[in-house]
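Descriptive analysis of the structure
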Amino acid sequence: MEYLEGEDLDDLIRRQAPLSVLEKLDIIRQVCDALGYAHARGIIQRDTRPSNIRLLEGRVPKVMDFGIAKMGATHLTQTGLTVGTPHYMAPEQIRGERARIDGRTDIFALGVVLYEFLFYRRPFEGDHPLTVFYKILSPEPVEIPDVPAFPYNPDIRAVLARALAKDPAERYPSAYDMERDLAALIRRLGEWYDQTTQP
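Residues numbered from 1 in each chain as written. Predicted model: local features only at pLDDT ≥ 70, side-chain atom pairs only at ≥ 80, totals over all residues. Heavy atoms only, no water.

Each helix and strand counted, the protein chain has eight helices and three strands in total. Going from the N terminus to the C terminus, the protein chain shows its helices and strands as β-α-α-β-β-α-α-α-α-α-α. Counting all 199 residues of the protein chain, 46% fall into the buried class. Across the protein chain, contacts joining residues at least 24 apart in sequence account for 69% of those joining residues at least 6 apart. Approximately 10400 Å² of the protein chain is accessible, and the part contributed by carbon and sulfur atoms is 51%. (Helix = DSSP H or I, 4+ residues; strand = E, 2+ residues; numbered from the N terminus. Buried < 20%, exposed > 50% of the residue type's maximum accessible area, 1.4 Å probe, protein only. Contact = heavy atoms within 4.5 Å. Areas by Shrake-Rupley, 256 points an atom, 1.4 Å probe, with all protein chains shown as cover.)

Spelled out as structure tokens, the structure:
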């Protein structure tokens, strides 16, 4: 396997690395591109989480650990016990709806990653996996706060809300669609920064 130097996104989140919103959005945009490439070839990652995203030099992300995807397994064992953290599982995974698990399942998990990267907390928290599952399965939409000092809060909330939709039909149809929205937001934010920093 390829040896990847760098650090996992999980490490950056844990130490609350001083990255700008623009840098964070661009990292997730690149992850969208990687997932879109995999999905177009019929591969669903099924385990998208910060510890499976490694940042190389220049903040270039690599999505790792496609073992579960290649085995065609789910996050649930036959006894119903979760394998790994449940915080990034989409509702259809928790319900064991294998026929509904597709690229949009990874998009939900990436929405959780983006939320956690921006706010340094997960959208679905709990002391027990069942509590987390209950919150993920709840029909109530995720509460999305404003990003501090961010001029395009409605836009980032719209991206998060669509990625974290409980119904797969309401999510982005592909990771490339999410990437396009993030790329447009990054362009607007870059232009705003340029205008506000001009003398």
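Moving on: the packing of aromatic side chains. Enumeration over the complete set of coordinates arrives at three aromatic pairs. Here the aromatic rings of phenylalanine 108 and phenylalanine 124 are separated by 5.9 Å at their centres, their planes lie at 15°, and the arrangement is stacked. Residue phenylalanine 108 is located in helix H5 (residues 103–119), and its partner phenylalanine 124 is located in the loop between H5 and helix H6 (129–137); the two are separated by 16 residues in the primary sequence. Aromatic side chains phenylalanine 150 and tyrosine 152 sit 6.5 Å apart centroid to centroid with 70° between the ring planes, which places their arrangement in the edge-to-face category. (Phe/Tyr/Trp six-rings, centres within 6.5 Å; stacked < 30°, edge-to-face > 60°.)

This part is about the sheet that holds strand S2 (residues 53–56). Across the sheet, which stays open at both edges, the three strands sit in the order S1-S2-S3 with antiparallel pairing between neighbours. Taken across any chain shown, the strands that pair with only one partner, and hence form the sheet edges, are strand S1 (7–8) and strand S3 (60–63). Looking at chain direction, S1 and S2 are connected through two bridges and run antiparallel. The residue bridging aspartate 8 from the neighbouring strand is arginine 54, located in S2. Packing against the sheet, helix H2 (residues 21–40) makes contact with S2 and S3, and its axis sits at approximately 40° to S3. (Pairing = 2+ DSSP bridges. Axes fitted to C-alpha atoms, helices over the stretch in contact; angles between N-to-C directions.)

Taking every second residue as pointing to the same face, the buried face of S3 carries Pro61 and Val63, while none of Val60 and Lys62 on the other face is buried. Where S2 folds back on S3, the antiparallel hairpin that results is connected by three residues, among which glycine 58 adopts a positive phi of roughly 80°.

Let's shift gears to the confidence of the model for the protein chain. Taken over all residues, the pLDDT of the protein chain has a mean of 85, while the share at 70 or more is 86%. Across the protein chain, element-level confidence peaks in H5 with a mean pLDDT of 96 and bottoms out in helix H3 (residues 67–71) with 44. Confidence over residues 69–84 falls short of pLDDT 50; this stretch has 25 contacts with residues more than four positions distant or in other chains. (pLDDT = per-residue confidence, 0-100.)

A separate point is the environment of proline 139. Examined against the element boundaries, proline 139 turns out to sit in the loop between H6 and helix H7 (153–163). Taking C-alpha positions, proline 139 is 9.4 Å from alanine 165, a pair spaced 26 residues apart along the chain.

It is worth spelling out the nonpolar core at this point. In terms of nonpolar packing, the biggest core is built from 51 residues, with Leu25, Ile28, Leu114, Phe150, Ile156 and Met178 touching the most fellow members. Residue assignment for this core shows that the elements contributing at least two residues are helix H1 (9–14), H2, S2, H5, H6, H7 and helix H8 (175–197). When residues of this core are assigned to their parent elements, the largest contribution, eleven residues, is made by H5. (Core = buried A, V, L, I, M, F, W, Y, C linked by side-chain atoms within 4.5 Å.)

A word on H6. Restricting attention to buried positions, one finds in H6 the residues Val132, Phe133 and Ile136. Taken end-on, H6 shows its buried residues confined to a sector of 100°, consistent with a single buried face. Across from the buried face of H6, at angles greater than 90 degrees, the exposed residues are Leu130 and Tyr134. On its buried face, H6 sits against helix H4 (91–94) and H5. (Arc of directions from axis to C-beta.)

Turning our attention to the pairing of S2. Burial of S2 is one-sided: the residues Ile53 and Leu55 facing one way are buried, the residues Arg54 and Leu56 facing the other way are not. Bridge count between S2 and S3: four bridges; the pairing is antiparallel. Within the sheet, the bridge partner assigned to leucine 55 lies in S3 and is proline 61.

An α-helix turns once per 3.6 residues; consequently, residues spaced three or four apart project the same way. Within H7, the full set of buried residues consists of Asn153, Ile156, Val159, Leu160 and Ala163. Buried residues in H7, looked at end-on, bunch into an arc of 130°, giving them a common side.

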